[in-house]
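In case you want the letters, here they are:
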Number of protein chains: 4
Amino acid sequence: MDARSLQAAFVAVRSNKLFEIFVISVILASALLVGVKTYEISPGMRRLTDALDLAVTLFFVTEIVIRFIASENRRRFFHDFWNIFDTLIVVVSLVPVDNSDMALVARLVRVFRVLRMVSFIPELRLLLVSLVKALPQLGYVMLLLFIIFYIYAAIGSTLFETINPRLWGDIALSMLTLFRVMTFEDWTDVMYETMEVYPLSWVFYVTFIFFTAFAFLNMIIGIVVNVMEEEHRGMQAKAAASRGEPTLSDVHEQLQAIREHLESRAGNR
Amino acid sequence: MDARSLQAAFVAVRSNKLFEIFVISVILASALLVGVKTYEISPGMRRLTDALDLAVTLFFVTEIVIRFIASENRRRFFHDFWNIFDTLIVVVSLVPVDNSDMALVARLVRVFRVLRMVSFIPELRLLLVSLVKALPQLGYVMLLLFIIFYIYAAIGSTLFETINPRLWGDIALSMLTLFRVMTFEDWTDVMYETMEVYPLSWVFYVTFIFFTAFAFLNMIIGIVVNVMEEEHRGMQAKAAASRGEPTLSDVHEQLQAIREHLESRAGNR
Amino acid sequence: MDARSLQAAFVAVRSNKLFEIFVISVILASALLVGVKTYEISPGMRRLTDALDLAVTLFFVTEIVIRFIASENRRRFFHDFWNIFDTLIVVVSLVPVDNSDMALVARLVRVFRVLRMVSFIPELRLLLVSLVKALPQLGYVMLLLFIIFYIYAAIGSTLFETINPRLWGDIALSMLTLFRVMTFEDWTDVMYETMEVYPLSWVFYVTFIFFTAFAFLNMIIGIVVNVMEEEHRGMQAKAAASRGEPTLSDVHEQLQAIREHLESRAGNR
Amino acid sequence: MDARSLQAAFVAVRSNKLFEIFVISVILASALLVGVKTYEISPGMRRLTDALDLAVTLFFVTEIVIRFIASENRRRFFHDFWNIFDTLIVVVSLVPVDNSDMALVARLVRVFRVLRMVSFIPELRLLLVSLVKALPQLGYVMLLLFIIFYIYAAIGSTLFETINPRLWGDIALSMLTLFRVMTFEDWTDVMYETMEVYPLSWVFYVTFIFFTAFAFLNMIIGIVVNVMEEEHRGMQAKAAASRGEPTLSDVHEQLQAIREHLESRAGNR
């Protein structure tokens, strides 16, 4: 019975409103700590932030353990994506900061604690889930975009490699350069350089911009249409159902009933 | 009765069409004055603009006082946002220009008188109100965007601080640099600099651009869907109501009536 | 009867299919001439293009005269926007090219003959008309955008004039600089310059970008919603009318008729 | 019967699932080869890639021949766009790489084999077809955009040719420069240069940006509205048909039947 009562106590802690507020304060504090550490701070402050950091780490471990023990079915605990997400963030931030070799990695890893904000606020979780769900719909447009990039990068690194190996050295560099062209970032500098050797190379850039812009436009329209469609369906269902308004089907059934009523009376006579 | 008749006189002034035209002319004149003062002008002109400035200030004070006295319920005068808005603009522009220390502040403060144009034209007021109303809907996407910025800025200032402290010195500077990257403004200059130390740092920039672009897209779609939904609802209501066209509910009721009529007759027999 | 038969002949010419094709060929030729003249050409070619130019000018004058004479009501000829448009283009291109002083102006003026393409193709005319019609809807957002620009330009030229008079010299220059910032064109160069004097001046740029982006977004959404609404109304009307499908009103009337029929029968008994 | 059984065997090969997987692997391999060849590789690797390249070429030829023989109607084989597309890609990649003069061309031509990915995956084919189908709708907006470009380029090369012949030398160069201005790429550098000679030339750039932005906006709205309309029509049809829900027409017919029934009974009496 001991383990049971312990679990019950942990469930009570987890559902406690004050505990929730405390958790979010710790998450905010850990986020602030991440920011503070990027400034030049005095050794005293440094010791303080290190101590706070340790406290946050310990608290996060405790909180995960409480949630694990308080969970109804411990085997299913790691079936939930957000539990894995939180545990991972907590575990990797256990890397000690002291070791000078790992110090940078440890600092970087602690940054990701800010992501606990996402896993804690349901609305942000929903947003992230909907973002991830939107990705597969874009699959084929992404693939097409990648093929366009790949072909142009192959042509670019074949033709322009000798002109500027830093930009067109291999297919990976060329794709990065093309990404830059797609964002319109100093793309004419890249173009004027190659136009000195191949005066017609502007065709390469202008067609690339057209193709990618078109593919992008298609992607955006695809998303918008999808969102609208769902929205529309949801609205129709809501309009019909929630306000108790009759649908065409209801009217249809009524008419059917009237007709049968009339016909049965005609038959009775 | 003296105060009463004074108030009545003020109400008359405030509702006067000519007075309204005069107010808008003064607002326009004050806006023009703001512009003129940015040019090099002769001492004579300077004296003229200073005199006009004083005249505008006095007029604005007078107008606010008239509106205050003419208001039905003086206690509620400051419950209206636009009254506070106007009063604030007028009060802060009372800062004297003569004092050389405050001269710059006084000049800046007078610029905001142009905002009286917004409070005077109802359509602009509506626009501003609808802009402000749209903000809370964007709350969570904004928060997500901020978290993305914060994490990337923390990573950036951890890794790149030694490369270029002007861009990545602390988390605030890093966020400004990332804002620049988001607007695609010479972002490759920033990237090529860090790629010399960390050749894979392009991943940092490209993923950041993807995440922010995606979050932005989400934000825009959110707004569009919202606007459309309201629009749609408004249209449906209008279509049904204003043109007197029957709705499905009307048809439903009619059928109910016919059915009852038929059944009562069947019962009568 | 002479004048009458002349007009009839001119009407015949104007409606002739071959004449139409000839007109469009001349318009295309005049457009090509405009392009050719921007290249270095031999004196022989120059004489040829000048001769063709004269021929095009004469033809355009003739065509306008034919249309004028062939028009049913000559007084109303200049009530039509496109007639005025065409006449203006033709008249200004009568400026002689020979005069060395006016040569540049004459060349520029001939460029606008390309616009006759717009007035000749009905679809382009429609596009232009719909663009112009869309403008007034944007009126207030434009005004708001202008006020934002004006206030920021006034602040900018007050604070930053001494830092870079070329960018912030007066309110007009400042508005041009802000337009540049709005297009994200090397805006950080402008910002870093002022941040050396006022370290917090990034607030000025970031808020400006937010405000203008928001106003722009509003404008675009406004247009999209407008277009959709019209589209939607058009579709509903078409769906109901053209395919002969019954509307709710038709069903309503039918039910009314049935009810009256039933009641009259009930009364008859 | 020999030729017949051969064809049957080829049909069997073409429809084989394993063969399909093999084809896509070869396409992927050929795409990877294109990428690998842009890197500096050892002579041994070079020989390997050349051998693989030959193998891919031979396989592609074989595959096309199998598809040709297996096709039901060989005369119609080249009536299908995708067959022509594939054959063209395969035929041009038969250009030998050995010949030093043609080596570059041969390498470039092999890049286009990546496009076989598009012709192999039905979803990508659909995407490309829908992109091409969307183009004619944009025809007139494109023409208007071209006219705007042409007029501004003619004015630009007339006025600014002496200032910077590299940017404004002739109408083609000017159009490229204007395309650059449209993408906001260092457009102020171009503007400040001409503003030194013509201080008012900012009008040229600002109006150009407004016109093109407006035309673009129109284009995008045009596409979105089109897509929505189709979507909407499809949804209405689906909603009515697939779920077997009654339409207003059904209700109309029912009422007609009831009415006739009632009237016939009234007549019977």
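Everything below is about the structure shown above.
What you see is a predicted model, and the numbers here were worked out from it, not measured in a lab.

Caption draft 1: Seen up close, the overall build of chain A. Of the regular secondary structure elements, chain A holds 13 helices and zero strands. Ordered by position from the N terminus, the helices and strands of chain A form the series α-α-α-α-α-α-α-α-α-α-α-α-α. Counting over 269 residues, chain A shows a buried share of 44%. Counted over contacts in chain A with a minimum sequence separation of 6, partners at least 24 positions apart contribute 59%. Summing over all exposed atoms, chain A offers an accessible surface of approximately 14,200 Å²; the carbon and sulfur share of this is 66%.

Caption draft 2: Layout of the relation of the copies chain C and chain D. Mapping chain C onto chain D is achieved by rotating through 90° and translating by 0.0 Å along the same axis, at an RMSD of 0.1 Å. Taken together, the rotation and translation relating the two chain copies correspond to the operation of a four-fold axis. Counting the interface residues of chain C, we find that no more than 19% of their copies in chain D are interface residues as well, pointing to two distinct contact surfaces.

Caption draft 3: Up close: the interface of chain B and chain A. With 53 residues of chain B at the interface, the matching set in chain A holds 55 residues. Viewed at the interface, chain A and chain B are joined by one salt bridge. With a shortest N-O distance of 3.8 Å, A:Arg166 and B:Glu196 are connected by a salt bridge. On the surface where chain B and chain A come into contact, there are seven residue pairs in polar contact (both at pLDDT 80 or more). If you tally residues by element for the side of chain B that touches chain A, the top one is helix α12 (residues 202-241) of chain B, at 13 residues.

Caption draft 4: Geometry of helix α3 (residues 43-70) of chain B. The terminal C-alpha atoms of α3(B), which comprises 28 residues, lie 40 Å apart, in line with the 40 Å expected from a rise of 1.5 Å per residue. Residues of α3(B) that are buried include every one of B:Thr49, B:Asp53, B:Val56, B:Thr57, B:Phe59, B:Phe60, B:Glu63, B:Ile64, B:Ile66, B:Arg67, B:Ile69 and B:Ala70, and no others.

Caption draft 5: Summary view of the packing of aromatic side chains. For the coordinates displayed, the defined rule picks out 92 aromatic pairs over all chains. Judged by centre distance (5.1 Å) and plane angle (85°), the ring pair of D:Phe68 and D:Phe77 falls under edge-to-face. With a relative accessible area of 31%, D:Phe68 lands in the partly exposed category. Feature note: the residues A:Phe149, A:Tyr152, A:Phe160, A:Trp168, A:Tyr198, A:Phe204, A:Tyr205, A:Phe208 and A:Phe211 constitute an aromatic cluster, connected by ring pairs. Geometry around B:Phe60 places B:Arg116 over its ring, the cationic atom sitting 4.9 Å from the centre. Over the ring of D:Tyr192 we find C:Arg166; its NZ or CZ atom is 4.8 Å from the centre of that ring.

Caption draft 6: Spatial organisation of the side chain of B:Ser119. All names here are of chain B. Tracing the sequence through the fold places Ser119 in helix α6 (residues 116-120). On the accessibility criterion, Ser119 (4% relative accessible area) is buried. Among the polar contacts made by the side chain of Ser119, one reaches the main-chain carbonyl oxygen of Arg116 at a distance of 3.1 Å. Those residues in contact with Ser119 that sit more than four places away from it in its chain are Trp82, Phe85, Asp86 and Arg125.

Caption draft 7: Seen up close, the nonpolar core. Counting residues in hydrophobic clusters, the biggest one holds 276 residues, and the most contacted among them are A:Tyr205, B:Tyr205, C:Tyr205 and D:Tyr205. Ranked by the residues each element gives to this core, the list is headed by helix α7 (residues 122-159) of chain C, at 17 residues. Counting residues in hydrophobic clusters, the runner-up holds 16 residues, among them A:Val251, A:Leu262, C:Leu255 and C:Leu262.

Caption draft 8: Quick peek at unusual backbone geometry. Located in the positive-phi region is B:Phe184, a residue other than glycine, with phi close to 65°. Among the structural elements, B:Phe184 can be located in the loop between α10 (171-182) and α11 (187-195). Phi at D:Asp186 takes a positive value of approximately 50°, unusual for a residue other than glycine. Looking at the element boundaries, D:Asp186 is found in the loop between α10 (171-182) and α11 (187-195).

Caption draft 9: Main features of the pattern of salt bridges. Within the structure shown, the criterion is met by 36 salt bridges over all chains. The shortest N-O distance in the salt bridge between B:Arg67 and B:Glu63 comes to 3.4 Å. Linking B:Arg67 with B:Glu63, this pair stays in helix α3, spanning four residues, or about one helical turn. For the pair B:Arg67 and B:Glu63, one class covers both residues: buried. Across the pair D:Lys37 and D:Asp53 runs a salt bridge whose closest N-O atoms are separated by 2.9 Å. Taken together, the residues D:Lys37 in the loop between α2 (17-36) and α3 (43-70) and D:Asp53 in helix α3 connect sequence positions 16 residues apart. You can call D:Lys37 buried: its relative accessible area is 10%.

Caption draft 10: Quick peek at the interface of chain C and chain D. Facing 53 residues of chain C, the contacting portion of chain D comprises 53 residues. Both sides together, the interface formed by chain C and chain D hides about 4,800 Å², and carbon and sulfur atoms give 74% of it. Inspection of the region where chain C meets chain D yields one salt bridge. At the surface where chain C touches chain D, the tally comes to seven residue pairs in polar contact (both at pLDDT 80 or more). At the level of elements, α2 (17-36), α5 (103-111), α6 (116-120), α7, α8 (165-168), α9 (171-182), α11 (202-241) and α12 (248-268) of chain C are the ones that each hand at least two residues to the side of chain C that touches chain D.

Caption draft 11: Quick peek at the packing of helix α7 (residues 122-137) of chain A against helix α8 (residues 139-159) of chain B. Packing of α7(A) against α8(B) leaves a shortest axis separation of 10 Å and a crossing angle of 80°. Between α7(A) and α8(B), the angle falls in the class roughly perpendicular. Listed contacts from α8(B) to A:Glu123, A:Leu124, A:Leu127, A:Leu128 and A:Leu131 of α7(A) are B:Tyr140, B:Val141, B:Leu143, B:Leu144 and B:Ile147. Classifying every residue of the contact of α7(A) with α8(B) gives nine nonpolar, no polar and one charged.

What counts and how
- Residues numbered from 1 in each chain as written.
- Chains lettered and ligands numbered in written order.
- Predicted model: local features only at pLDDT ≥ 70, side-chain atom pairs only at ≥ 80, totals over all residues.
- Heavy atoms only, no water.
- Helix = DSSP H or I, 4+ residues; strand = E, 2+ residues; numbered from the N terminus.
- Buried < 20%, exposed > 50% of the residue type's maximum accessible area, 1.4 Å probe, protein only.
- Contact = heavy atoms within 4.5 Å.
- Areas by Shrake-Rupley, 256 points an atom, 1.4 Å probe, with all protein chains shown as cover.
- Least-squares fit on C-alpha atoms with pLDDT ≥ 70 in both.
- Salt bridge = Lys/Arg side-chain N within 4 Å of Asp/Glu carboxyl O.
- Polar contact = N/O pair within 3.5 Å; in protein donor to acceptor, adjacent residues only side chain to side chain.
- Expected span 1.5 Å × (residues − 1).
- Phe/Tyr/Trp six-rings, centres within 6.5 Å; stacked < 30°, edge-to-face > 60°.
- Lys NZ or Arg CZ within 6 Å of the ring centre and 35° of its normal.
- Core = buried A, V, L, I, M, F, W, Y, C linked by side-chain atoms within 4.5 Å.
- Buried area = accessible area lost by both parts, 1.4 Å probe.
- Axes fitted to C-alpha atoms, helices over the stretch in contact; angles between N-to-C directions.
- Parallel < 35°, antiparallel > 145°, perpendicular 65-115°, else oblique.
- Nonpolar A, V, L, I, M, F, W, Y, C, P; charged D, E, K, R; others polar.

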